[in-house]
Amino acid sequence: MAEKKATTKKAATETKAPAAKKTTATKKTAEKAVLVVNAETIGFKAGDVYQALAAAGKALSVAEIAKAAKITSEETLLGLGWLFKEGKLLSTDDNKVVLA
């Protein structure tokens, strides 16, 4: 009878361990997905976008800017909006962006 209880405890422990790993992975994923949207943060992303475009010296797509600036496409779009509003960017016919 004691053997059955030990086996049951062991099985219960083994089933709980993977669930804890999934929770941790989900938590890490959720932390990466958080984007703080305020004027300061968007201003910094606009600076990243501007510097990426200046370094390239040519028109770039949103994906190319995000890769060059090492930021997400969402952050790139926020930065582009800021720079467009300031009149620092121009769009091209082929859906790319260049400094004004």
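Structure first, text after, so check above.
Figured I'd write up the structure that's included with this text. (Residues numbered from 1 in each chain as written. Predicted model: local features only at pLDDT ≥ 70, side-chain atom pairs only at ≥ 80, totals over all residues. Heavy atoms only, no water.)

1. Section: the nonpolar core
Buried together is how nonpolar side chains tend to be arranged in soluble globular proteins. Counting residues in hydrophobic clusters, the biggest one holds twelve residues: Ala46, Val49, Ala52, Leu53, Leu60, Ile65, Ala69, Ile71, Leu80, Leu83, Leu89 and Val97. Among the secondary structure elements, those contributing two or more residues to this core are helix H2 (39-56), helix H3 (62-69) and helix H4 (73-85). A per-element tally of this core places H2 first, with four residues. Dropping the residues within four chain positions of it, leucine 83 is found in contact with Ala46, Val49, Tyr50, Lys88 and Leu89. (Core = buried A, V, L, I, M, F, W, Y, C linked by side-chain atoms within 4.5 Å. Buried < 20%, exposed > 50% of the residue type's maximum accessible area, 1.4 Å probe, protein only. Helix = DSSP H or I, 4+ residues; strand = E, 2+ residues; numbered from the N terminus. Contact = heavy atoms within 4.5 Å.)

2. Some details on the packing of H2 against H4
Helix-helix packing is described using two parameters, namely the angle between the two axes and the distance between the axes. Between H2 and H4, the least distance of the axes is 7 Å, while the angle of their chain directions is 90°. In terms of orientation, H2 lies roughly perpendicular with respect to H4. For the pair H2 and H4, the contacting residues are Ala39, Ile42, Gly43, Lys45, Ala46, Val49 and Tyr50 in the first and Glu75, Thr76, Leu78, Gly79, Leu80, Trp82 and Leu83 in the second. (Axes fitted to C-alpha atoms, helices over the stretch in contact; angles between N-to-C directions. Parallel < 35°, antiparallel > 145°, perpendicular 65-115°, else oblique.)

3. With respect to the pattern of salt bridges
Throughout the structure, instances matching the rule amount to two salt bridges. Residue lysine 96 pairs with glutamate 64 through a salt bridge whose shortest N-O separation is 3.9 Å. Of this pair, lysine 96 sits in the loop between strand S1 (89-91) and strand S2 (97-99) while glutamate 64 sits in helix H3, placing them 32 residues apart in sequence. (Salt bridge = Lys/Arg side-chain N within 4 Å of Asp/Glu carboxyl O.)

4. A look at H2
Between the first and last C-alpha of H2 there are 26 Å, a value that for 18 residues agrees with the 26 Å anticipated at 1.5 Å per step. Those residues of H2 not exposed but buried are Ile42, Lys45, Ala46, Val49, Ala52 and Leu53. What you see down the axis of H2 is that its buried residues fit within an arc of 125°, all on one side. In H2, the exposed positions that point more than 90 degrees away from the buried face belong to Glu40, Phe44, Gln51 and Ala55. In this structure, the buried side of H2 is in contact with H3, H4, S1 and S2. Of the residues flanking the end of H2, it is glycine 57, one or two places downstream, whose phi is positive at about 70°. (Expected span 1.5 Å × (residues − 1). Arc of directions from axis to C-beta.)

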